[in-house]
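# Residue-level structure breakdown
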Amino acid sequence: MYIYRYDSTFQGLLTLVFDAYSRKAFPDHIMRESDVSLFDGDIRTVVTDNVRAQRVWNGLRKKISPSACRMLYVVWLSELHDVEMLVFRYIRKAFAGERSPELNFGDADVLETSKIYRKVAREAERMRMFVRFQKTADGIFFAPIEPLYNVLPLVVDFFTDRFADQLWVVYDIKRNYGLYYDLHKTTEIVFTQLDFDFSTGRLHDAQAAEDEKRFQNLWKSYFKSIAIKERANPRLHRQLLPKRFWRFLPEKQ
Amino acid sequence: MTDKTLEKLQTLAEAAKYDVSCASSGHTRKNNGAGLGSAQGWGICHSFAEDGRCISLLKIMLTNHCIYDCAYCINRRSNDVRRATFSVSELVDLTIEFYRRNYIEGLFLSSGVVRNPDYTMERMVRVAKDLREVHRYNGYIHLKSIPGASRELVTQAGLYADRLSVNLEIPSEENLKLLAPEKSYRSVFQPMSYIQQGALESAEERRKHRAAPRFAPAGQSTQLIVGATPDTDNRILHLSSELYNRPTMKRVYYSGYIPVNTYDSRLPALATPPLVRENRLYQADWLLRFYAFKVDEIVSDKHPNLDLEIDPKLSYALRHPEIFPIDVNCADYEMILRVPGIGVKSAKLIIAARRYGRLTSSQLSKIGVVMKRARYFITCRELPVFTIQEAKPDMLRKLFLSPATQRSLKMAGQLSLF
Ligand code: SF4
């Protein structure tokens, strides 16, 4: 039985693939940096090597389409239990076959991969939909989020392109890191101390810009006015706007 | 922005809410440099109203004062409703501040007619112009062109807006005359052709110089009210299919008539808006646009109205048992699309996946085919068990109308198609 451990980066996982192929010892289990070992046997810890990772990636791109490559990255971002093994098996199938496996939905791994991909992509889409910025007293537009999967890397470009003339922060409070745009570029940030009301997802009054409350109220009343009472459909409403987002949405306060 | 803004917003959102053509869609507007905003492919829903409808745009009227008296409209001049008017800068600020907070994809602006069509249109164009030129705003703008507005103003509007629309509202000219005597088909079709000409001319210009301005790059749309007049689905869908033949017409929206003016005897007394019919029309529209159906295959003089109990695709299949079952392992894409329970996505996946080997029914359901439905209309690797040939259309119809199906049809609401 072969057990590998990697540093929880995508480059690390690709390095692991390189390592497994050169040792001809394919993993039965892959652990993240933080996983507690349940196994007594030897654990091989892979040291991330960007050159090796790049070689695996280039090799992969010769075997499968660019969108399938991207899909593997997105699936990995799900951070689901054992997702590394799924990605690994997919990569093996890609390297083994003549033809790319990407459309072979008769294969359980291919199908599972595409299912997870859809879930993660959907969560990223929900960030584009439901992120709500609150303007702080320093003029920064701040949005806390709590996505099911680690989707910030998938929405950087969207927010950077769209909000190019304002300072903003989108912060994943579950994974404790965020994106900060300074009018030139977007970088990752970690707040050592994040002082805002986690239970309501709101900035404290003193932190918020003077007119912030006013726009939240305007939006809230717009939201109320636009619904057609004759067509009320609370079930559909809840299905489309899941409860877990409500605390970040001024219109649902 | 003043203290009155909140009240105006309420009034003018209420006034605008019956207009359903809110989807912002269809093209990409890149943020060129340091401005605000972008428009990306299919517009994003930023929230869902309590009626389950997508909130993508700030859908609002500039004013709900109106000199006209259209029978089906809540803002008609003879109604005693609260009236309000935004100033241009007030509405521009509101749009920008909402956009900056990621509440909206953009602005969908309509207006009642004050003084005359051109006066009104001119103010709407000013909103769009200020957004683009003063605020360097690249988000989505949809302007509802005022029937009867001049060519110059429609042309200007096209330079700032992503999409323009003129609502036809009533599916036949004689009924429009009856309900909105001050309007005519001409007053609607004229701006429609201005938009079309503007777009075609701009496309021509842009072939010559790439920097030539774009004109309403997301095309135009229109809306038809359903159930306010005796017009049949046959009439409505033929009209839609004609409209779709126009080069820039992107969407026809259907709006189940909500009896806002119950006192007007020219209108039918409806207990509830015809939501199921509206949904069926959207499904039929979908068949026209994405499923390669011809309008005569969906409705005809013999079948002037869509079946309310089953969707139009299933209804077509039951009327044409002779073309089924279809072998998914060798049939053409267009034929596979005709199978109830198979959507565009699963049809494409079938075509892709069958190159790896013949598909079984369990693979089909993994791909996303609704086997509960499709099984009666296809054969796959296994031998056909019980298809429409054995079951007969009438029996299938009953089967699909089992209580569970009926419930799910009701639940399906307006968003899920097939
Ligand atoms: S012109 Fe428009 S706003 Fe005025 S009454 Fe007719 S439909 Fe209503």
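Fair warning: this is a prediction, and the values are worked out from it, not measured in the lab.

This paragraph deals with the overall build of chain A. From N to C terminus, chain A includes 8 helices and 8 strands. Its C-alpha atoms give chain A principal-axis dimensions of roughly 65 × 45 × 35 Å. Across chain A, the fraction of contacts at a sequence separation of at least 24, relative to all contacts at a separation of at least 6, is 66%. Surface summary for chain A: the accessible area is close to 12400 Å², and the carbon and sulfur share equals 50%. Charged side chains of chain A number 40 positive and 34 negative; the gap between the two group centres comes to 7 Å.

Membership of the largest hydrophobic core comes to 200 residues, with the highest contact counts inside it found for B:I60, B:F98 and B:F377. The residues touching B:I60, leaving out its near neighbours within four places in the chain, are A:Y222, B:L9, B:L12, B:A13, B:A16, B:F86, B:L91, B:L107, B:F108, B:L109 and B:S110. Membership of the second largest hydrophobic core comes to 10 residues, among which are A:F142, A:V169, A:Y171 and A:F196.

Each side of the interface is counted separately: chain A has 56 residues, and chain B has 61 residues. Considering only the surface of chain A that becomes buried against chain B, A:R162, A:Y222 and A:R231 emerge as the three largest contributors, covering 16% of it. Our count for the chain A to chain B interface comes out at 4 salt bridges. When the shortest N-O distance is used, the salt bridge between A:E212 and B:R101 registers 2.9 Å. The interface formed by chain A and chain B includes 20 residue pairs in polar contact (both at pLDDT 80 or more). Elements with a contribution of two residues or more to the side of chain A that touches chain B: α5 (108–130), α6 (152–162), α7 (212–226) and α8 (234–240) of chain A. At 12 residues, α7(A) tops the list of elements feeding residues into the side of chain A that touches chain B. Taken together, the residues of the side of chain A that touches chain B break down into 28 nonpolar, 10 polar and 18 charged.

With that out of the way, let us pick up the sheet that holds strand β3 (residues 43–45) of chain A. Residues and elements named next belong to chain A. Across the sheet, which stays open at both edges, the 3 strands sit in the order β2-β1-β3 with parallel pairing between neighbours. The open sheet has two edge strands, β2 (29–31) and β3, and neither has a second partner. Averaged over all pairs of adjacent strands, the angle between strand axes in this sheet comes to 25°, irrespective of strand direction. Where strand β1 (residues 3–5) lies against β2, 3 bridges are found, and the strand directions are parallel. The residue of β2 that forms the bridge with Y4 is I30.

What follows is about the domain arrangement of chain B. Residue and element names in this part refer to chain B. Annotation of chain B at the domain level lists domain 1 (3–298) and domain 2 (312–411). Computed over C-alpha atoms only, the centres of domain 1 and domain 2 are separated by 37 Å. Each partner contributes residues to the interface: domain 1 has 10 residues there, and domain 2 has 10 residues. Note on domain 1 versus domain 2: buried area summed over both sides is about 940 Å², and carbon and sulfur give 63% of it.

All names here are of chain B. Within the structure shown, the criterion is met by 27 aromatic pairs over all chains. Each ring, one from W286 and one from F290, has its centre 5.0 Å from the other, and the planes form 65°; the classification is edge-to-face. Residue W286 and its partner F290 are both found in helix α8 (residues 275–290); the two are separated by 4 residues, about one turn of the helix. Given a relative accessible area of 27%, W286 falls into the partly exposed group. Taking relative accessible area as the criterion, F290 reaches 36% and is therefore assigned partly exposed. Ring geometry for F324 versus F377: centroids 5.1 Å apart, planes at 70°, classification edge-to-face. With a gap of 53 residues between them, F324 in the loop between α10 (312–319) and β9 (326–327) and F377 in the loop between α14 (371–374) and β10 (378–379) connect regions that are remote in the sequence. We note that F324, like F377, is buried.

What follows deals with the domain arrangement of chain A. All names here are of chain A. Per the domain assignment, the segments making up chain A are domain 1 (3–123) and domain 2 (131–252). On a C-alpha basis, the centres of domain 1 and domain 2 stand 33 Å from each other. With 10 residues of domain 1 in contact, the opposing surface of domain 2 contributes 10 residues. With both sides pooled, the region where domain 1 packs onto domain 2 buries about 860 Å², and carbon together with sulfur makes up 60% of that total. Per-residue buried area on domain 1 facing domain 2 is highest for L77, E79 and E123; these three make up 60% of the total on that side. Applying the counting criterion to the domain 1 and domain 2 interface returns 2 salt bridges. A salt bridge links E79 to R175; its shortest N-O distance comes to 3.1 Å.

Attention shifts here to helix α2 (residues 88–100) of chain B. Note on helix geometry: an α-helix contains 3.6 residues per turn, so any two residues three or four positions apart are oriented the same way. Residue and element names in this part refer to chain B. For α2, which comprises 13 residues, the first-to-last C-alpha distance of 19 Å matches the rise-based estimate of 18 Å (1.5 Å per residue) to within 8%. Of all 13 residues in α2, 11 are buried, a share of seventy percent or more. Listed as buried for α2 are V88, E90, L91, V92, L94, T95, I96, E97, F98, Y99 and R100. N102, located one to two residues past α2, shows a positive phi value of around 60°.

Next up on the list: a positive patch on the surface. Taken together, the side chains of A:K115, A:R118, A:K119, B:K345 and B:K366 define a basic patch exposed on the protein surface. For the positive patch, the leading source of residues is α5(A), giving 3 residues. Secondary-structure assignment places B:K366 in helix α13 (residues 361–367). Of the residues examined, B:K366 reaches a relative accessible area of 38% and is grouped as partly exposed.

Procedures and definitions
- Residues numbered from 1 in each chain as written.
- Chains lettered and ligands numbered in written order.
- Predicted model: local features only at pLDDT ≥ 70, side-chain atom pairs only at ≥ 80, totals over all residues.
- Heavy atoms only, no water.
- Helix = DSSP H or I, 4+ residues; strand = E, 2+ residues; numbered from the N terminus.
- Contact = heavy atoms within 4.5 Å.
- Areas by Shrake-Rupley, 256 points an atom, 1.4 Å probe, with all protein chains shown as cover.
- Lys, Arg positive; Asp, Glu negative; His and termini not counted.
- Charge placed at Lys NZ, Arg CZ, Asp CG, Glu CD.
- Core = buried A, V, L, I, M, F, W, Y, C linked by side-chain atoms within 4.5 Å.
- Buried < 20%, exposed > 50% of the residue type's maximum accessible area, 1.4 Å probe, protein only.
- Buried area = accessible area lost by both parts, 1.4 Å probe.
- Salt bridge = Lys/Arg side-chain N within 4 Å of Asp/Glu carboxyl O.
- Polar contact = N/O pair within 3.5 Å; in protein donor to acceptor, adjacent residues only side chain to side chain.
- Nonpolar A, V, L, I, M, F, W, Y, C, P; charged D, E, K, R; others polar.
- Pairing = 2+ DSSP bridges.
- Axes fitted to C-alpha atoms, helices over the stretch in contact; angles between N-to-C directions.
- Domains from an automatic or database assignment.
- Phe/Tyr/Trp six-rings, centres within 6.5 Å; stacked < 30°, edge-to-face > 60°.
- Expected span 1.5 Å × (residues − 1).
- Patch = residues over 30% accessible without salt bridge, like charges linked within 9 Å, V, L, I, M, F, W, Y side chains within 5 Å.

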